[in-house]
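# Summary of structural features
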Amino acid sequence: QVQLVESGGGLVQAGGSLTLSCAPSGLTISWYTMAWFRQAPGKEREFVARISGSARITKYKDFVKGRFAISRDIAKSTVYLQMSSLKVEDTAVYYCAAGSKASSEDYEYDYWGQGTQVTVSS
């Protein structure tokens, strides 16, 4: 059974940094596109970043490009989202997702974590 468990969320001041982790079980991350999505209160879930199974391709939402970095550690079977220069508008629940397609659309993903809250204070 596939499970994705996110961790690392919390409260951070604007301009600060935070790293989220996604530890899947039941799948091999190099066989999947791994992605991060987020959902702010009252808004639809939106794409943040993704990394291909080979790790040769990464894609980012325009608003986070240059501030966020997605990466993976095969030995630890973990995917990360390194966030820096955080803004208040980055406040959201962040979700880890895994899918078989190279996509930035949430409906293309097969497996989801429970989400971890990131709150950026001014």
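Presented here is an overview of the structure given in this document. These figures come from a predicted structure and were not determined experimentally.

### Topic: the overall build of the protein chain
Across its full length, the protein chain holds zero helices and eleven strands. Along the protein chain, from the amino end to the carboxyl end, the secondary structure elements read β-β-β-β-β-β-β-β-β-β-β. Since a compact globule built from 122 residues should have a radius of gyration of about 14 Å, the 13 Å found for the protein chain is in line with a globular shape. Dimensions along the principal axes, computed over C-alpha positions, put the protein chain at roughly 40 × 30 × 25 Å.

### Points about the sheet that holds strand E1 (residues 3-7)
Ordered in space as E1-E3-E8-E7, the four strands form an open sheet in which the pairing is antiparallel. Looking at which strands have only one partner, the edges of the open sheet turn out to be E1 and strand E7 (68-73). Taken over all neighbouring pairs, the strand axes of this sheet differ in orientation by 20° on average, direction set aside. Pairing geometry for E7 and strand E8 (residues 78-83), over six bridges, is antiparallel. Following the sheet pairing, aspartate 73 is matched in E8 by threonine 78.

### Re the state of the cysteines
Here is the idea: a disulfide is a covalent bond, and it sits between the sulfur atoms of two cysteines. Counted according to the given criterion, the structure contains one disulfide. Note that cysteine 22 is cross-linked by a disulfide to cysteine 96, the S-S spacing being 2.0 Å. The chirality of the disulfide connecting cysteine 22 with cysteine 96 is left-handed, given an S-S dihedral of about -75°. Of the two residues, cysteine 22 is situated in strand E3 (residues 18-25) and cysteine 96 in strand E9 (residues 92-99); the sequence distance between them amounts to 74 residues. Accessibility expressed as a relative area gives 0% for cysteine 22, which makes it buried.

Analysis parameters
- Residues numbered from 1 in each chain as written.
- Predicted model: local features only at pLDDT ≥ 70, side-chain atom pairs only at ≥ 80, totals over all residues.
- Heavy atoms only, no water.
- Helix = DSSP H or I, 4+ residues; strand = E, 2+ residues; numbered from the N terminus.
- Rg over C-alpha atoms; globule rule 2.2 N^0.38 Å.
- Pairing = 2+ DSSP bridges.
- Axes fitted to C-alpha atoms, helices over the stretch in contact; angles between N-to-C directions.
- Disulfide = S-S within 2.5 Å.
- Buried < 20%, exposed > 50% of the residue type's maximum accessible area, 1.4 Å probe, protein only.

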